[in-house]
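Per-entry structural report
Listed here are the chains, written in short residue letters.
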Amino acid sequence: MGLLTKDVAIDLGTANTIIYVKGKGIVVREPSVVAIDRYTGKVVAVGNEANEMIGRTPENIIAVRPMKDGVIADFDITQSMIKHFIRQANVVNIFKPRVVVCIPSGITEVERRAVEEAVIQAGAKEVALIEEPMAAAMGAGLPVDKATGSMVVDIGGGTTEVAVLSMGGIVSSRSIRIAGDALDSAIINYLKKNIGINVGDKMAEKIKMAIGSAYEDNEEGTYDVRGRDVSTGLPRTVQIRESQIREAIMENIEEMIEAIKMTLEHTPPELAADVMEHGITLTGGGALIKGLDRLIAEVTKIPTTVAEYPLDCVAVGTGKSLDDIKSMLSKNRIR
Ligand code: ADP
Ligand code: MG
């Protein structure tokens, strides 16, 4: 391929979209959010700019997250979003880029087609797909090509993907639609029911990032939560403790751990033994929940670590796969 055709990796996440250009690295990192004019259907803003508008827009502007549970919920908006980010990445000249996109392992053929189609429509010459757990593991530097089992748990916004990989393939995997967004919802419900205060999605996410934890330790933080009193309807600020948030999210955390256990149960014994020895690696933004690694290690009795840059693993791993883009495209060709 000539110098003018760029090879590009896209991590089309429910929460964040990351674009990686071969030879350059990550060039775009923005929330997967699009602001739309409700009446004209026009895109008003994309990414960070659209994200800032959530909850603060006049009534005619709505902020949409076009990816839901790891798949495209709104095709046209997703396509506009990808187009915008590809333009921002500056990879379209007179030649169109070749693109590898990662997709959750659990999605249907129709959902895969939709991703391919959206990327082509957004200006790609050719597109290949890579499964998210493989990309996450490659990005975390796990030895996926070796004849040894590696386990990766990628906790994003919409889905938690658990997989055991060996010799370049996924041996066993599980995808559950419980991840960062579900934790935010659990916090909203808890505060409403137990404290009598209504908070929005943004506040819930802030609380989670500030004092979300899965394991009790000596330094327990607090957070001043601003919301609206359920009975009076007036603004109110309440100090919330880390232990309360832990209680709020624990059921979801347990489901994630259950998915890990189930995946291990469906892994051949030799490979499961490899995982016991080499450990579990956590990626995705949800890996940053304080003490989650510790809790998983305690329950599963398997050493567990958070990847160095958990939010970037999938994009970096998809980027690494660009070295094999020719063979991936020939297997995967739709144009
Ligand atoms: P996706 O791949 O679905 O776009 P990401 O891997 O980008 O998701 O992770 C986004 C999720 O991670 C969001 O739910 C976000 O709230 C959560 N997250 C990001 N940083 C933290 C943090 N420090 N603590 C807890 N959760 C976090
Ligand atoms: Mg992701």
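Refer to the structure printed above.
So, here's what we can say about the structure.

The rules we used
Residues numbered from 1 in each chain as written. Chains lettered and ligands numbered in written order. Predicted model: local features only at pLDDT ≥ 70, side-chain atom pairs only at ≥ 80, totals over all residues. Heavy atoms only, no water. Axes fitted to C-alpha atoms, helices over the stretch in contact; angles between N-to-C directions. Helix = DSSP H or I, 4+ residues; strand = E, 2+ residues; numbered from the N terminus. Parallel < 35°, antiparallel > 145°, perpendicular 65-115°, else oblique. Left-handed = near helix turned anticlockwise from the far one by under 90°. Contact = heavy atoms within 4.5 Å. Nonpolar A, V, L, I, M, F, W, Y, C, P; charged D, E, K, R; others polar. Core = buried A, V, L, I, M, F, W, Y, C linked by side-chain atoms within 4.5 Å. Buried < 20%, exposed > 50% of the residue type's maximum accessible area, 1.4 Å probe, protein only. Pairing = 2+ DSSP bridges. Near = heavy atom within 4 Å. Polar contact = N/O pair within 3.5 Å; in protein donor to acceptor, adjacent residues only side chain to side chain. Areas by Shrake-Rupley, 256 points an atom, 1.4 Å probe, with all protein chains shown as cover. Patch = residues over 30% accessible without salt bridge, like charges linked within 9 Å, V, L, I, M, F, W, Y side chains within 5 Å. Salt bridge = Lys/Arg side-chain N within 4 Å of Asp/Glu carboxyl O. Lys, Arg positive; Asp, Glu negative; His and termini not counted. Charge placed at Lys NZ, Arg CZ, Asp CG, Glu CD.

1. Structural notes on the packing of helix H7 (residues 242–265) against helix H9 (residues 292–300)
- One can describe the packing of H7 onto H9 by two numbers: an axis separation of 11 Å at closest approach and a directional angle of 50°. By the criterion of interaxial angle, the relationship of H7 to H9 is oblique. Note that H7 runs across H9; the crossing there is right-handed. Together, Met250, Ile253, Ile257, Ile260 and Lys261 of H7 and Leu292, Leu295, Ile296, Val299 and Thr300 of H9 make up the contact between the two elements.
- Looking at the contact of H7 with H9 residue by residue, the classes come out as 8 nonpolar, 1 polar and 1 charged.

2. Some details on the nonpolar core
- If you look at the biggest cluster of nonpolar residues, it comprises 45 residues, and the most contacted ones within it are Met151, Leu191, Ile253 and Ile280.
- Per element, the largest residue contribution to this core is 10 residues, and it comes from H7.
- When near neighbours in sequence (up to four residues on either side) are disregarded, Ile253 contacts Leu183, Ala214, Leu292 and Leu295.
- Grouped together as the second largest cluster of nonpolar side chains are 32 residues, Ile10, Val34, Ile36 and Val115 included.

3. Section: the pairing of strand E12 (residues 160–166)
- Burial analysis of E12 places 7 of its 7 residues in the buried class, which makes it a mostly covered element.
- Neither face of E12 is left uncovered, since the one carrying Thr160, Val162, Val164 and Ser166 and the one carrying Glu161, Ala163 and Leu165 both have all their residues buried.
- Sheet topology note: the strand E11 (residues 150–155)/E12 ladder contains 6 bridges and is antiparallel. Note that in E12 the partner of Val153 across the bridge is Val162.
- Once E11 ends, the chain turns through 4 residues before running back antiparallel as E12.
- Judged from the 7 bridges that link them, E12 and strand E13 (residues 169–176) form a sheet pairing that is antiparallel. Each residue of the ladder has a partner; that of Leu165, found in E13, is Ile170.

4. Overview of the site of ligand 1
- Taken together, 16 residues sit near ligand 1, with Ala15, Asn16, Gly157, Glu205 and Lys208 positioned nearest.
- With respect to ligand 1, the backbone of Asn16 contributes an N or O atom lying 2.7 Å from an oxygen atom.
- Taking Gly285, its main chain carries an N or O atom lying 3.0 Å from an oxygen atom of ligand 1.
- About the coverage of ligand 1: the protein hides 89% of its 580 Å² of free accessible area.
- Counting residues per element, the shell around ligand 1 draws most heavily on helix H6 (residues 201–211), which supplies 3 residues.
- Of the residues contributing to the shell around ligand 1, the split by class is 5 nonpolar, 9 polar and 2 charged.

5. Points about unusual backbone geometry
- Phi at Met167 takes a positive value of approximately 50°, unusual for a residue other than glycine.
- Within the fold, Met167 resides in the loop between E12 and E13.
- Classification of Met167 by relative accessible area gives exposed; the value is 61%.
- Phi angles above zero are rare outside glycine, and Lys301 is one such case at about 65°.
- Among the secondary structure elements, Lys301 is positioned in the loop between H9 and strand E18 (304–306).

6. Observations concerning a positive patch on the surface
- On the surface, a cluster of positive charge is made up of Arg56, Lys202, Lys206 and Arg226.
- Along the chain, Lys206 turns up in helix H6.

7. A word on the sheet that holds E13
- If you walk across this open sheet you meet the 5 strands as E13-E12-E11-E17-E18, and the pairing is mixed. Looking at which strands have only one partner, the edges of the open sheet turn out to be E13 and E18. Each adjacent strand pair in this sheet contributes to an overall mean axis angle of 20°, direction not counted.
- Where E11 and strand E17 (residues 280–283) come together, 4 bridges link them in parallel fashion. Considered in E17, the bridge of Val152 is made with Thr281.
- Sitting on the sheet, H9 is in contact with E11, E17 and E18, with an inclination near 150° to E17.

8. Re the pattern of salt bridges
- All told, the structure shown has 13 salt bridges when counted by the stated rule.
- The salt bridge partner of Arg29 is Asp312, with a shortest N-O separation of 2.4 Å. Of the two residues, Arg29 is situated in strand E3 (residues 25–31) and Asp312 in the loop between E18 and helix H10 (313–320); the sequence distance between them amounts to 283 residues.
- Through salt bridges that share partners, Lys68, Asp69 and Arg177 make up one connected network.

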